[in-house]
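Okay, here's what each chain looks like letter by letter:
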Amino acid sequence: MKKHNSFFCTECGGESVKWQGRCPACGAWNTMAEAPAEPAAGKPGTAGQGRGASIISLDDIHMAEEIRFSTGLDELDRVLGGGAVAGSLVLVSGEPGIGKSTLLMQICRDVTRFAEVLYVSGEESPRQLRLRAERLGVKVLKLLAETNLDDIAAAVEQSKPNILIVDSIQTLFKPELSAAPGSVSQVKECALELMRMAKCWGITVFVIGHVNKDGAIAGPKVLEHMVDCVLYFEGERDLTTRVLRAAKNRFGSTNEIGVFDMRSEGLVEVPNPSEMLLSGRPVGVPGTCVACVMEGSRPMLAEIQALVSPTSFGVPRRMVNGMDYNRAMLLIAVLERRAGYYIGAHDAYFNVVGGLKMDEPACDLPSLLALASSFKDVPIPPDLAAFGEVGLTGELRSVTSSQLRLVECRRLGFNRCIIPAQGTKNCSIPEGLEVVRAKNVKDAVRLALFRDASG
């Protein structure tokens, strides 16, 4: 019987027996990629078709904490949940050139002191890898420039490394499959083989997966359900700041982030991102306000800028960078309706300085204050910070971890902080910090721009 090719969605990994313009699982358009059909399996119960699986009892499983080890980078350990876990499969994805290979090469600099590492590269020659290793200070490392997965598996079985790094999954291929390297079928089969190595031999495997700006390359989206941990390396090309996020983590939280600074000597950890994000902040300029957001268990201060100018066209222009566009439009509507600042005939622009992306409700209030400051052309005091969620009726609602946010504001030298009056009465105020509680948007704008005067 003739075997038909199958199709996979490059966004969600959903399968279909025929090509469709729109993925039936996630609804994305033009994301179905063709993959060769697998050989027919034997019928159930056919002799010699399986190796046999051993059934074990739940009581026979010995409970013990997973074996963790430090990667040498505190920011990476934070995102992984306290360090890498032995026998886990970790996917590090991001746009080409963002710094994924540099990050994993820097891991080798520290873990080679107590573990044996095999670095497999399908994109660079051994000479290129040595040049990068010397630049990053890596002295002892085993390299393998190979793309055939069978040869890689043989080398791993022979050398028995503790850590395996594969750069990248799009370059590997299995000779049994006729599809080209980087296709859906090759990526999935190679990932399954790497997962088998990790689980059977107890090897910690780090896999690099490239994603373009459109997310159209089949790779990380197809592998997310197969690996133990998915890390996304983000950053703007014209900025040196890099942010590492965990989209999936079976051994820890997905709320933590790691912040790095890309320099000529490699990635440098930023243990205090607030100071870096606030460096160079203008003083006495309208349209800027400092927000305090939570990234996992870490409070971070960032500058939110807004610009309001009369429009030259019939339809005002709206642009947002670093925050949700629909949320920004909601804040404009609330400011008009509940505070009386009519911005309908003005262009409005939002920007989060430093390339940070804010999706927390706590940045509602500082964004709105920056917008009002630009509209009235009145600067917000440089020693004032704010956080709080804004409702459609103009009320201010409390957010989580208010105590940690206040401590961080005071530690960075801020003397005043505007917070919602609701749900924050039990917060202890740090010494030297004046906490101003506002019930609604109108009160918050008045207290930020005009103090006790009527605005």
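Residues numbered from 1 in each chain as written. Predicted model: local features only at pLDDT ≥ 70, side-chain atom pairs only at ≥ 80, totals over all residues. Heavy atoms only, no water.

## Concerning the overall build of the protein chain
Then, in step 1: Tallying secondary structure elements over the protein chain gives 11 helices and 23 strands in all.
Then, in step 2: Relative to its 455 residues, the protein chain shows a buried fraction of 49%.
Then, in step 3: Taking all contacts inside the protein chain whose residues are at least 6 apart in sequence as the whole, residues at least 24 apart take part in 66%.
Then, in step 4: Total accessible area on the protein chain is roughly 22,000 Å²; 52% of this is exposed by carbon and sulfur atoms. (Helix = DSSP H or I, 4+ residues; strand = E, 2+ residues; numbered from the N terminus. Buried < 20%, exposed > 50% of the residue type's maximum accessible area, 1.4 Å probe, protein only. Contact = heavy atoms within 4.5 Å. Areas by Shrake-Rupley, 256 points an atom, 1.4 Å probe, with all protein chains shown as cover.)

## Things to note about the packing of aromatic side chains
Then, in step 1: Taken as a whole and assessed by the stated rule, the structure comprises three aromatic pairs.
Then, in step 2: Aromatic pair F69 and F114: ring centres 6.2 Å apart, planes at 65°, arrangement edge-to-face. Residue F69 is found in strand β4 (residues 68-69), and its partner F114 is found in the loop between α2 (100-111) and β7 (117-121); the two are separated by 45 residues along the sequence.
Then, in step 3: Ring plane angle 75° and centroid distance 5.9 Å describe the contact between Y341 and F375, whose orientation is recorded as edge-to-face. With Y341 in the loop between α8 (325-339) and β18 (346-352) and F375 in helix α9 (residues 364-376), the pair connects residues that are 34 residues apart, well separated along the chain.
Then, in step 4: Here F375 falls in the partly exposed class, since its relative accessible area comes to 26%.
Then, in step 5: Here the basic side chain of K160 rests over the ring of W201, its NZ or CZ set 5.8 Å away from the ring centre. (Phe/Tyr/Trp six-rings, centres within 6.5 Å; stacked < 30°, edge-to-face > 60°. Lys NZ or Arg CZ within 6 Å of the ring centre and 35° of its normal.)

## A few points about the side chain of R298
Then, in step 1: For R298, the position within the fold is in strand β16 (residues 298-310).
Then, in step 2: Within the structure, the side chain of R298 is placed 3.0 Å from the side chain of E75, a separation counted as a polar contact.
Then, in step 3: Sequence-distant contacts of R298, defined by excluding residues within four places in its chain, comprise E75, R78, I257, V259, V270, P271, P273 and V293. (Polar contact = N/O pair within 3.5 Å; in protein donor to acceptor, adjacent residues only side chain to side chain.)

## Remarks on the pairing of strand β8 (residues 142-145)
Then, in step 1: With four bridges connecting them, β7 and β8 associate as parallel partners. Bridge pairing links L118 to K142 in β8.
Then, in step 2: Chirality of the crossover, the property in question, places the unit of β7, helix α3 (residues 126-136) and β8 among those that are right-handed. (Pairing = 2+ DSSP bridges. Right-handed = clockwise from strand over helix to strand, strands pointing away.)

## A short note on α9
Then, in step 1: In a regular helix each residue adds 1.5 Å, so 13 residues correspond to 18 Å; α9 covers 18 Å between its end C-alpha atoms and thus fits that length.
Then, in step 2: By the criterion of burial, α9 is predominantly enclosed, with 11 of the 13 residues buried.
Then, in step 3: Three or more residues of α9 are buried, namely D364, L365, P366, S367, L368, L369, A370, L371, A372, S373 and S374.
Then, in step 4: In the segment just after α9, D377 is the residue with positive phi, at about 60°. (Expected span 1.5 Å × (residues − 1).)

## Points about unusual backbone geometry
Then, in step 1: S168 follows D167 through a cis peptide bond whose omega is 0°.
Then, in step 2: Within the secondary structure, S168 sits in the loop between β9 (163-167) and α5 (184-201).
Then, in step 3: Despite not being glycine, S401 shows a phi value in the positive range, around 55°.
Then, in step 4: Residue position: S401 is located in the loop between β21 (396-397) and α10 (402-411).
Then, in step 5: Residue classification places S401 among the partly exposed residues on the basis of a relative accessible area of 33%.

## Things to note about the nonpolar core
Across soluble globular proteins, nonpolar side chains have a tendency to be buried as a group.
Then, in step 1: L335, L368, L369, L371, I418, V441 and V445 are the most contacted members of the largest nonpolar core, which totals 34 residues.
Then, in step 2: Contributions of two or more residues to this core are made by β16, α8, β18, α9, β19 (384-386), β23 (434-438) and α11 (441-449).
Then, in step 3: If near-sequence neighbours (up to four positions away) are discounted, V441 is found in contact with V334, L335, A339, L368, V390, G394 and L396.
Then, in step 4: One finds L76, A115, I163 and A246 within the second-largest nonpolar core, a separate group that totals 33 residues. (Core = buried A, V, L, I, M, F, W, Y, C linked by side-chain atoms within 4.5 Å.)

Interpretation in functional terms is not warranted from these geometric data alone.
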